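# Coordinate analysis (summary)
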Amino acid sequence: MKNNLNAYIEYLQNNLDKKRFKHSLNVAEESVKLAEKYGYNKDKAYLCGLLHDICKNESKENMLQMFKEFGIILDDIQKSQYKLWHAILGAKFITEKFGIDDVEIVEAIRYHTTGRANMTKLDKILYLADFISADRDFEGVEKLREFAYFNLDVAILECFKFSINELCSMNKPIHIDTLEGYNFLIFNRK
Ligand code: DGI
Ligand code: FE
Ligand code: FE
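Residues numbered from 1 in each chain as written. Chains lettered and ligands numbered in written order. Predicted model: local features only at pLDDT ≥ 70, side-chain atom pairs only at ≥ 80, totals over all residues. Heavy atoms only, no water.

Below, the discussion takes up the coordination of the iron ion (ligand 2). Reference values for angles at a metal are 109.5 degrees in the four-donor tetrahedral case and 90 or 180 degrees in the six-donor octahedral case. Listed as protein donors to the iron ion (ligand 2) are Asp-53 (OD), His-86 (NE2) and His-112 (NE2); their distances from the metal cover 2.1 to 2.2 Å. Read in sequence order, the donor residues coordinating the iron ion (ligand 2) give the pattern D-x32-H-x25-H. Here Asp-53 falls in the buried class, since its relative accessible area comes to 2%. (Donors = N, O, S within 2.8 Å, 3.2 Å for Na, K, Ca; no water. Buried < 20%, exposed > 50% of the residue type's maximum accessible area, 1.4 Å probe, protein only.)

For the rest of this paragraph, the subject is the packing of aromatic side chains. Here the structure, examined in full by the defined rule, presents eleven aromatic pairs. For the ring pair Phe-67 and Trp-85, a centre distance of 5.8 Å and an interplane angle of 80° mean the geometry is edge-to-face. Of the two residues, Phe-67 sits in helix α4 (residues 60–70) while Trp-85 sits in helix α6 (residues 85–98), which places them 18 residues apart along the sequence. Measuring from centroid to centroid gives 5.3 Å for Tyr-127 and Phe-160, while their planes differ by 45°, and the two rings are tilted. Within this pair, whereas Tyr-127 is found in helix α8 (residues 121–132), its partner Phe-160 is found in helix α10 (residues 152–169), the two being separated by 33 residues in sequence. The burial state of Tyr-127 is the same as that of Phe-160; both residues are buried. (Phe/Tyr/Trp six-rings, centres within 6.5 Å; stacked < 30°, edge-to-face > 60°. Helix = DSSP H or I, 4+ residues; strand = E, 2+ residues; numbered from the N terminus.)

Glancing now at the coordination of the iron ion (ligand 3). Around the iron ion (ligand 3), the protein contributes the donor atoms His-23 (NE2), His-52 (NE2), Asp-53 (OD) and Asp-130 (OD), at 2.2 to 2.3 Å from the metal centre. Between the donor residues of the iron ion (ligand 3), the gaps in sequence give the motif H-x28-H-D-x76-D. Between the two metal centres, the iron ion (ligand 3) and the iron ion (ligand 2), the spacing is 3.5 Å, with Asp-53 acting as a shared donor. Of the two residues, Asp-53 is situated in the loop between α3 (42–51) and α4 and Asp-130 in helix α8; the sequence distance between them amounts to 77 residues. Under the relative-accessibility criterion, Asp-130 is labelled buried at 10%.

Turning next to the site of ligand 1. Residues in contact with ligand 1 amount to 17 residues; listed here are only the nearest, Lys-56, Thr-113, Arg-136, Pro-173 and Thr-178. Asp-130 is positioned such that a nitrogen or oxygen atom in its side chain is 3.1 Å from an oxygen atom of ligand 1. For ligand 1, an oxygen atom lies 2.8 Å from a polar atom in the side chain of Thr-178. Split into classes, the residues belonging to the shell around ligand 1 amount to four nonpolar, seven polar and six charged. (Near = heavy atom within 4 Å. Polar contact = N/O pair within 3.5 Å; in protein donor to acceptor, adjacent residues only side chain to side chain. Nonpolar A, V, L, I, M, F, W, Y, C, P; charged D, E, K, R; others polar.)

In contact at an axis separation of 7 Å, α6 and helix α7 (residues 103–110) are set at 155° when each is read in the N-to-C sense. Taken as axis vectors, α6 and α7 run roughly antiparallel relative to one another. Taken together, the residues of α7 that come into contact with α6 (itself represented by Ala-87, Ile-88, Gly-90, Ala-91, Ile-94 and Thr-95) are Ile-105, Val-106, Ile-109 and Arg-110. (Axes fitted to C-alpha atoms, helices over the stretch in contact; angles between N-to-C directions. Parallel < 35°, antiparallel > 145°, perpendicular 65-115°, else oblique. Contact = heavy atoms within 4.5 Å.)

Take the state of the cysteines next. Scanning the model with the defined rule gives zero disulfides in all. Summary of cysteine pairing: Cys-48 is not part of a disulfide, and the nearest cysteine sulfur, belonging to Cys-55, is at 14 Å. (Disulfide = S-S within 2.5 Å.)

This part takes up α8. It helps to recall that an α-helix has 3.6 residues per turn; residues three or four apart then point in one direction. With twelve residues, α8 extends 16 Å from end C-alpha to end C-alpha; this agrees with the ideal 16 Å at 1.5 Å per step. Burial analysis of α8 places eleven of its twelve residues in the buried class, the great majority of the element. All of the buried residues in α8 are Leu-122, Asp-123, Lys-124, Ile-125, Leu-126, Tyr-127, Leu-128, Ala-129, Asp-130, Phe-131 and Ile-132. Lining the buried residues of α8 we find α2 (18–38), α3, α7, α9 (141–148) and α10. (Expected span 1.5 Å × (residues − 1).)

See below:
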């Protein structure tokens, strides 16, 4: 894993804009801190954070081409919301191009934008790290940072509420994975 790390970082540096590259490093670092706090493999958390937005700066045309190449079929909401594409593509991309087959890493990246029901520990670490990374400065992020180091599920539920409110305020469709993630925690939080 260590050997490939430099190659991955070089790929990101060449394929992401400066801000997105820095964000990726920040999310990797935040993922390690959360892994430390909640008892998860720090190397896996770092790699996952590092690669989570790998396809973020691809053009729409390129992404559509890769969906075709990889045989990925989008549902109606996914088709209409290109901001969801990079997570779906990123997961497949690291498998196909880098040979990363660790299901936990691949799935955490796949669901890092929407979340989902019954998230794994790595899903939660990445989802939160992405929300609270050092470069985030939206109103309310400090409170979410506190929640993140208090309880994973409490923090994730707050993030779902934040996202859903935000999407509603912009009249955007909410993906079923986001809603299922929210509903799951409403029923299953401790
Ligand atoms: O890639 P990042 O900017 O670091 O963050 P991200 O992968 O969490 O993407 C955030 C964007 O995704 C934000 O513009 C809102 C959008 N998004 C997340 N969940 C949903 C969604 N958009 C729609 N329409 N529906 C969702 O359920
Ligand atoms: Fe993302
Ligand atoms: Fe991100």
